[in-house]
Amino acid sequence: MDYAAILNQLADELGFGKLDETRKNELIAKMGEALLKRILLETFDRLGEKGTQEYDELIDRNGSQEEITTFLKGRIPDYEDMIVKAVADFKEQMKQEFI
């Protein structure tokens, strides 16, 4: 999933194109942080304590992105759907708050 493209599209939908480039980039970065936090919180919630510990161990040993994705998809059967829903919910919330 291309988060940068999603965030840029959302920024356009919210009318950020009217802002100067610096301010637009700041807002996109903040939205990106908020979206990733949501996804991580949902991921950790679904992994549970043991799964979160296994995830942390994988990160600590510098697991590749492929290993991490495989791990998450193996522990959370609907992982991709979860991300799609989190993105959709985030976009809807941002639209309600900004439009």
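The rules behind each value
Residues numbered from 1 in each chain as written. Predicted model: local features only at pLDDT ≥ 70, side-chain atom pairs only at ≥ 80, totals over all residues. Heavy atoms only, no water. Buried < 20%, exposed > 50% of the residue type's maximum accessible area, 1.4 Å probe, protein only. Helix = DSSP H or I, 4+ residues; strand = E, 2+ residues; numbered from the N terminus. Arc of directions from axis to C-beta. Phe/Tyr/Trp six-rings, centres within 6.5 Å; stacked < 30°, edge-to-face > 60°. Core = buried A, V, L, I, M, F, W, Y, C linked by side-chain atoms within 4.5 Å. Contact = heavy atoms within 4.5 Å. pLDDT = per-residue confidence, 0-100. Salt bridge = Lys/Arg side-chain N within 4 Å of Asp/Glu carboxyl O.

### Things to note about helix 1 (residues 3-13)
Inference 1: Within the sequence span of helix 1, burial applies to Ile6, Leu7, Leu10 and Ala11. Buried residues of helix 1, viewed axially, fall in a sector of 135°; they line one side.

### Focus on the packing of aromatic side chains
Inference 1: The tally for this structure, following the rule as stated, stands at 2 aromatic pairs.
Inference 2: Each ring, one from Phe44 and one from Tyr55, has its centre 5.4 Å from the other, and the planes form 65°; the classification is edge-to-face.
Inference 3: Residue classification places Phe44 among the partly exposed residues on the basis of a relative accessible area of 28%.
Inference 4: With 6.5 Å between their ring centres and 35° between their planes, Tyr55 and Phe71 make a pair best called tilted. With a gap of 16 residues between them, Tyr55 in helix 2 (residues 21-60) and Phe71 in helix 3 (residues 65-75) connect regions that are remote in the sequence.
Inference 5: The class of Tyr55 is buried, set by a relative accessible area of 13%.
Inference 6: An aromatic cluster is built from Phe44, Tyr55 and Phe71, whose rings are joined through pairwise contacts.

### A word on the environment of Gly51
Inference 1: Tracing the backbone through its elements, the reader meets Gly51 in helix 2.
Inference 2: Separated by 25 residues in the primary sequence, Gly51 and Ile76 have C-alpha atoms spaced 9.8 Å apart.

### Remarks on the nonpolar core
Inference 1: Among the nonpolar cores identified, the biggest contains 25 residues, and Met31 and Leu72 are the most heavily contacted of them.
Inference 2: If one sorts the elements of this core by residue count, helix 2 sits on top with 8 residues.
Inference 3: For Leu72, the residues in contact, after removing those within four places along its chain, are Thr43, Leu47, Tyr55 and Tyr79.

### Quick notes on unusual backbone geometry
Inference 1: Phi at Asn62 is positive, roughly 60°, even though this residue is not glycine.
Inference 2: You can see Asn62 is positioned in the loop between helix 2 and helix 3.

### Quick word on the confidence of the model for the protein chain
Inference 1: A residue-level look at the protein chain finds 98% of positions with pLDDT of 70 or above and a mean pLDDT of 91.
Inference 2: When pLDDT is averaged over each element of the protein chain, helix 3 comes out on top at 95 and helix 1 at the bottom at 84.

### Description of the pattern of salt bridges
Close approach of charged atoms allows side chains of opposite charge to pair.
Inference 1: Across all of its chains, the model carries 10 salt bridges by this definition.
Inference 2: Of the charged contacts, one joins Lys50 and Glu54 as a salt bridge, the two residues approaching to 4.0 Å between their closest N and O atoms. Taken together, the residues Lys50 and Glu54, both in helix 2 and 4 residues apart, mark about one turn of the helix.
Inference 3: Assessed through its relative accessible area of 59%, Lys50 is described here as exposed.
Inference 4: For Glu54, a relative accessible area of 23% translates into the label partly exposed.
Inference 5: As a salt-bridge pair, Glu67 and Arg61 come within 3.5 Å of each other at their nearest N and O atoms.
Inference 6: Taking relative accessible area as the criterion, Glu67 reaches 35% and is therefore assigned partly exposed.
Inference 7: Under the relative-accessibility criterion, Arg61 is labelled exposed at 53%.
Inference 8: A single salt-bridge network, built from bridges that share partners, covers Glu42, Arg46 and Asp78.

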